[in-house]
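Here is how the chains run, residue by residue.
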Amino acid sequence: MKTLIIDDERLARKELSGLLENHKEIEIVGEAANAEEAMEQIMEHQPGLIFLDVQMPGKTGFELLEELDRVPQVIFTTAYDEFALKAFDVNALDYLLKPIQADRLAESLRKVDFTEDFGSADHKLGKEDQVFVKDGDKCWFVKLDKVRYFESDGNYIKVFFDNVRPMIHKSLNALDERLDERTFFRASRKHIINLGWVEKIDTWFNGGLLVELKGGDKIEVSRRQAARFKERMSL
Amino acid sequence: MAFNILLTHGFRYFIIKFKWLNFRMVKLIPLVFVSVFTLSLLSSIFLALIILVRNASLSFETLMQPIVIQTTESVFLFLFWSLAYFIYLYFERYNTSLKYEATIRETELKNLKSQLNPHFIFNALNSIRALVEENPKKSKEAITQLSHILRNSLNSDRKKLVPFAEELRTVKDYLGLESIRYEERLSTKFDIAEGSERFQVPPLMLQTLVENGIKHGIANLKKGGIVAISTFLKEGQLVVQVRNTGQLASGEKLEKGFGLANTQKRLEMIYGSEAKFKIKNEDLKTVLTEINLPK
C-alpha cells in the first residue's frame, strides 16, 4: 500500500521508515516535513495510508487533514502530548508513541485495511471514503455513508452524522462537485442528502418533494430537482 | 497543695476539652475569673474539711480565719497559674501556625519547580535511536548529555539553588540534544560574562526559559531560528537574557505559558521583590526573556 510519512524531524522519519522496512505490504512513496509538503505529496501519490505527527511548524497535522477532500487511513505518531492524546478519543485508526516499538507498529498495521483502493486524484467521494471534520476542540474521521445530509450555512457546511453536526469551512457547490452522485443528491440550494438514508418521500408545495430520512430528519427537495430525484430513486 | 495540683489539672482538662483558646477575650477573661474563684473556693472547702477532721471542736471564727487567708492566697495562685498557662498555649499555637505556613511554602515551592518536559525526553530518545546507525559517535555523546540532564532534573528536587555554571551546562546539553532533533533548524549562541559563575540560580529555571523559546519559537518555524543566551552583571545582580527567533502574539504574555507564570512565582518566593523577570518582543522576529537575580 502506498504510504507517506509526515514528520518535521528527519531522524524521526528515518527511524520510522527503517521500522517499516520489515513490512513488505508497505510501500513508502514519500516523506514530508510539513503540511505543505505533505499536501503536494498526497496530491501526487494518493497514498492509502499516512503516518502523521500532529505537531509540526506551520500547519498542524489536524489542519492538514481538514484541508484534504478525503483522508487516507491515518496513524498518528507523537512523543507525548496530552492535547493530541485527548483528540485521539476520536476514531483515528491508531496512534503510536515515539520511540515506536516494533511490535506495537505491527499491531497498528493489522488495523489497516489493505484491500481498500484509494484510487486516483479525480476519484469521486463515495460511501467508503472518509473525511476529517474538526469543530473547536473536537474532531472526527467520518465515513461518508454515515453522513445523513449536508446543510449549507453561510461560508460553512454543517455535516449531520450520528448525533452531531460539526461545521466545515467549504461551499456546498464545491463539495457537490467532489461527491459521487450515486450516493449523494443535491436536494436544493441548501442541502445535499445521502440517498442511502432516504426512508420516505412525500409530495410538497409547488411541485417539490419532502424527503424523510432514517432518524426522522425532513429535507425539502426543490421543484427544479424533484424530477431528477424521482428519476434517480426509481432506478 | 496536692489538691491544688489536682484542681489545676482538672481546669486544664476543661480548657482543652471546651477549646477555650478559640474564645474571644471578652468571653474568656470573665470565664477565667469565675473559674479561678470557683477553684479557690473548692480549695478552701477542702482545707476546712481537713481542719475539721483533725480538730472537730474548733469554733466558727477560728475556722474562718485560715479559710479566708487560704481563699485569697489561692485566688492569686490560680490567677497566676491561668496567666502562665494561657501564655504558654498562645505561644504554642503561634509556633505551630508558623511551622504550618513554612510547610505550605515549601510544598508550593516544590510544585513550582521546573520539571523536565516528557515530550522532550521521548523525542530526544527517538532521535538518538535513529542516530545510532547514522552517527554512532554522536549518538553516544547524546546519551551522555541526556543522562546528565536527567540526573540534574532528579537532583533539582533536593536543591533550592545551584551554581550558575552547573545550570549553564544543563542548558548546553539540552540545546545539544535539541540540535540533533531540529538539525539545521536550530542554531545556538552563548555570550557569558565573566563573574556569572559566582551566582547561585534556581535549578532548571534557565532551562525552562530556553525550552519555552524552542517550543513556542523554533518549533513553529519551518526554517527554524536562533536561541542566544547572554549574561552580564549590573548593580551587583546577574542579568540572564534568552533571545529566540519568534514572536509573542499580542496579549500572550505571562498568563499564557504555564512555565513562565511558574518562573515568576518561583522567583518571588525565593528572592522576594529583589529578582525581576520579563518577556517581550525585542523586534519583529525576536523574543527576549530576561531575569535579574540577586547574589
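See the structure shown above.
Because the structure is predicted, anything quoted here is derived from the model rather than measured. Along each chain, residues carry numbers from 1 onward, in the same order as the chain's sequence is written. For this description, chains carry letters from A and ligands carry numbers from 1, given in the order in which they are written. For this predicted model, a pLDDT threshold of at least 70 governs which residues receive local features, and a threshold of 80 or more governs which side-chain atom pairs are given and counted, while totals over whole chains, interfaces and linings are taken from all residues. Working from all heavy atoms in the structure, the side-chain values ignore hydrogens and water.

K.L.:
Explain the overall build of chain B here, please?
P.N.:
Counting its secondary structure elements, chain B contains eight helices and seven strands. Computation of the radius of gyration draws on C-alpha atoms alone. For the globule rule, the value is 2.2 Å times the number of residues to the power 0.38. Taking 2.2 N^0.38 as the reference for a compact globule, 295 residues should give roughly 19 Å; the C-alpha atoms of chain B span a radius of gyration of 35 Å, well beyond that estimate. With respect to the three principal axes, the spread of C-alpha positions in chain B is 115 × 40 × 35 Å. Taken across its 295 residues, chain B has 42% of its residues classed as buried. In chain B, the share of contacts with a sequence separation of at least 24, taken over all contacts with a separation of at least 6, comes to 72%. As displayed, chain B has an accessible area near 17,500 Å², and 62% of this comes from carbon and sulfur atoms. Here Asp and Glu are counted as negative and Lys and Arg as positive; His is not counted, and neither are the chain ends. Throughout, a charge is located at the NZ atom of Lys, the CZ atom of Arg, the CG atom of Asp or the CD atom of Glu. For chain B, the separation between the mean place of its 39 positive charges and that of its 28 negative charges on side chains is 4 Å. Going along the chain from the N terminus, every DSSP run of H or I of four or more residues is numbered as a helix, and every run of E of two or more is numbered as a strand. Three labels apply to residues, based on accessible area from a 1.4 Å probe with only protein chains included: buried if under 20% of the type maximum, exposed if over 50%, partly exposed otherwise in between. We call two residues in contact whenever any of their non-hydrogen atoms come within 4.5 Å of each other. Under the convention used here, a 1.4 Å probe and the Shrake-Rupley method define accessible areas, while residue burial counts only the protein chains that appear.

K.L.:
Help me understand the interface of chain A and chain B, please; the structure alone is not making it clear to me.
P.N.:
The parts lose accessible area when they come together, and the size of an interface is often stated as this lost area. Each partner contributes to the interface: chain A provides 21 residues, whereas chain B provides 19 residues. Between chain A and chain B, the buried area comes to about 1,800 Å², and carbon and sulfur atoms account for 49% of it. The three residues of chain A that bury the most area against chain B are A:Glu9, A:Leu11 and A:Pro99, which together make up 31% of that side's buried surface. We define a salt bridge as a contact between a side-chain nitrogen of Lys or Arg and a carboxyl oxygen of Asp or Glu at a distance within 4 Å. The interface formed by chain A and chain B contains seven salt bridges. Between A:Arg10 and B:Glu134 there is a salt bridge, with its nearest N and O atoms 2.7 Å apart. If one sorts the elements of the side of chain A that touches chain B by residue count, helix α1 (residues 10-20) of chain A sits on top with six residues. Following the grouping adopted for this structure description, the nonpolar residues are Ala, Val, Leu, Ile, Met, Phe, Trp, Tyr, Cys and Pro, the charged ones are Asp, Glu, Lys and Arg, and the polar ones are all others, Gly among them. Of the residues contributing to the side of chain A that touches chain B, the split by class is nine nonpolar, four polar and eight charged. Buried surface area refers to the total accessible area, computed with a probe of radius 1.4 Å, that the two partners give up upon joining, counted for both partners together.

K.L.:
Help me understand the pairing of strand β15 (residues 218-221) of chain A, please; the structure alone is not making it clear to me.
P.N.:
Remember that side chains alternate between the two faces of the sheet whenever the strand is regular. Residue and element names in this part refer to chain A. The alternating pattern of β15 places Ile219 and Val221 on a buried face, while none of Lys218 and Glu220, on the opposite face, is buried. As judged from the four bridges shared by strand β14 (residues 209-213) and β15, these two strands associate in the antiparallel manner. Among the inter-strand pairings, Val211 is bridged to a residue of β15, identified as Ile219. In textbook terms, the turn of a hairpin is the stretch between consecutive antiparallel strands, and for β14 and β15 this stretch comprises four residues, one of which, Gly215, has a positive phi near 105°. Paired strands, in this sense, are two strands between which DSSP finds at least two bridges.

K.L.:
Can you help me understand the sheet that holds strand β4 (residues 225-234) of chain B in this one?
P.N.:
Residue and element names in this part refer to chain B. Here five strands make up an open sheet; going across it, the order is β2-β4-β5-β7-β6 and the pairing mixed. Pairing within the sheet leaves two strands with one partner each, and these edge strands are β2 (186-191) and β6 (276-283). Averaged over all adjacent pairs, the angle separating strand axes in this sheet is 15°, with direction ignored. Inspection of the sheet shows β4 paired to strand β5 (residues 237-245) by eight bridges, in the antiparallel sense. Note on method: axes are straight lines fitted to C-alpha atoms, helices fitted across the in-contact stretch only, with angles between N-to-C directions ranging 0 to 180 degrees.

K.L.:
How should I be thinking about the layout of surface pockets in this particular structure?
P.N.:
Residue and element names in this part refer to chain A. What the second largest pocket holds in volume is close to 360 Å³. Sorting the residues of the lining of the second largest pocket by element identifies α3 (61-67), β6 (130-135) and β10 (167-169) as the ones contributing at least two each. With five residues, the top contributor of residues to the lining of the second largest pocket is β6. Here the lining of the second largest pocket is composed, by residue class, of twelve nonpolar, one polar and seven charged. Using a 1 Å grid laid over the protein atoms alone, points where a 1.4 Å probe fits but cannot get out form a cavity; open sets with protein on both sides within 12 Å along at least 5 of 7 lines form a pocket; any residue with an atom within 4 Å of a point counts as lining. Grid points are joined across faces, edges and corners, and a volume is the space filled by probe spheres set on the points.

K.L.:
Help me understand the packing of aromatic side chains, please; the structure alone is not making it clear to me.
P.N.:
Aromatic rings in a pair are described by how distant their centres are and how their planes are angled relative to each other. Two rings from Phe, Tyr or Trp (for Trp, the six-membered ring) form a pair when their centres sit within 6.5 Å of each other. Planes less than 30 degrees apart are called stacked, planes more than 60 degrees apart edge-to-face, and all others tilted. Inspection of the entire model under this criterion finds 14 aromatic pairs over all chains. Ring geometry for A:Phe150 against A:Phe184: centres 5.7 Å apart, planes inclined by 50°, an arrangement best described as tilted. With A:Phe150 in strand β8 (residues 147-153) and A:Phe184 in strand β11 (residues 184-186), this residue pair connects regions lying 34 residues apart in the sequence. For the pair shown, A:Phe150 and A:Phe184 are each scored as buried. On the basis of an interplanar angle of 70° and a centroid distance of 6.3 Å, the ring pair of B:Tyr85 and B:Phe86 is categorised as edge-to-face. Considered together, B:Tyr85 and B:Phe86 belong to a single accessibility category, that of buried residues. An aromatic cluster of at least three residues, connected via ring pairs, comprises B:Phe11, B:Trp81, B:Tyr85, B:Phe86 and B:Tyr88. Seen from the ring of A:Trp197, A:Arg148 lies directly overhead, with NZ or CZ sitting 5.9 Å from the centre. For the cation-ring pair, B:Lys172 lies above B:Phe190, with the distance from its terminal atom to the ring centre recorded as 5.0 Å. For a ring to carry a charge above it, either NZ of a lysine or CZ of an arginine must fall within 6 Å of the ring centroid while also lying within 35 degrees of the normal to the ring plane.

K.L.:
What is the right way to read the sheet that holds strand β12 (residues 191-194) of chain A from this model?
P.N.:
The strands that make up a sheet pair up through hydrogen bonds in the backbone, lying either parallel or antiparallel. Residue and element names in this part refer to chain A. Ordered by their spatial adjacency, five strands build an open sheet running β10-β9-β8-β12-β11, and the pairing between neighbours is antiparallel. Pairing within the sheet leaves two strands with one partner each, and these edge strands are β10 and β11. Averaged over all neighbouring strand pairs, the angle between strand axes comes to 20°, with direction disregarded. Packing of helix α7 (residues 223-234) onto the sheet brings it into contact with β11 and β12, and relative to β11 it is tilted by some 160°.

K.L.:
Would you mind showing me how to read the side chain of B:Asn244 here?
P.N.:
Residue and element names in this part refer to chain B. Assignment of secondary structure puts Asn244 in strand β5. Take Asn244: its relative accessible area is 5%, and that puts it in the buried class. Beyond its immediate sequence surroundings of up to four residues, Asn244 is in contact with Gly213, Gly217, Ile226, Val227, Lys285, Thr286 and Val287.

K.L.:
Looking at this structure, I do not really get the nonpolar core. What am I missing?
P.N.:
The tendency in soluble globular proteins is for nonpolar side chains to be buried as a group. Residues and elements named next belong to chain B. Of all hydrophobic cores here, the largest spans 49 residues; its most connected members are Phe120, Leu175 and Val210. Ranked by the residues each element gives to this core, the list is headed by helix α6 (residues 164-182), at eight residues. Excluding its chain neighbours within four sequence positions, the residues that come into contact with Phe120 are Leu146, Ile149, Tyr174, Leu177 and Glu178. Throughout this description, the term nonpolar core refers to a set of buried Ala, Val, Leu, Ile, Met, Phe, Trp, Tyr and Cys residues connected via side-chain atoms within 4.5 Å.

K.L.:
In this structure, what is going on with the side chain of A:Glu15? I would like to understand it.
P.N.:
Positionally, A:Glu15 belongs in helix α1. Definition of a polar contact: a pair of N or O atoms within 3.5 Å, with one able to donate and the other able to accept a hydrogen when the atoms are protein atoms, and with sequence-neighbouring residues admitted only if both atoms are side-chain atoms. Here B:Ala130 takes part through its backbone nitrogen, which lies 3.4 Å from a polar atom of the side chain of A:Glu15. The contact partners of A:Glu15, leaving out residues within four places of it in the chain, are B:Asn126, B:Arg129 and B:Ala130.

K.L.:
Mind showing me how you'd approach α7(A) here?
P.N.:
One turn of the α-helix equals 3.6 residues, which is why residues spaced by three or four share an orientation. All names here are of chain A. By this rule the span expected of a helix is its residue count minus one, scaled by 1.5 Å. For α7, spanning twelve residues, the distance from its first C-alpha to its last is 17 Å, which sits close to the expected 16 Å at 1.5 Å a residue. Taken residue by residue, α7 has Gln225, Ala226 and Phe229 as its buried positions. End-on, the buried residues of α7 take up no more than an arc of 115°, which puts them together on one face. Of the exposed residues in α7, those oriented more than 90 degrees away from the buried face are Arg224, Ala227, Glu231 and Ser234. Taken together, the buried residues of α7 touch β11, β12, β13 (198-203), β14 and β15. This arc corresponds to the set of directions leading from the helix axis out to the C-beta atoms.

K.L.:
In this structure, what is going on with the pairing of strand β2 (residues 27-32) of chain A? I would like to understand it.
P.N.:
Residue and element names in this part refer to chain A. Two elements, strand β1 (residues 2-6) and β2, share five bridges in a ladder whose sense is parallel. Bridging across to β2, Lys2 finds its partner in Glu27. The crossover handedness rule: strands pointing away from the viewer, path from first strand over the helix to second strand clockwise, crossover right-handed. The parallel pair β1 and β2 is bridged by α1, and the resulting crossover is right-handed.

Function-wise, these values are silent; they only describe arrangement.
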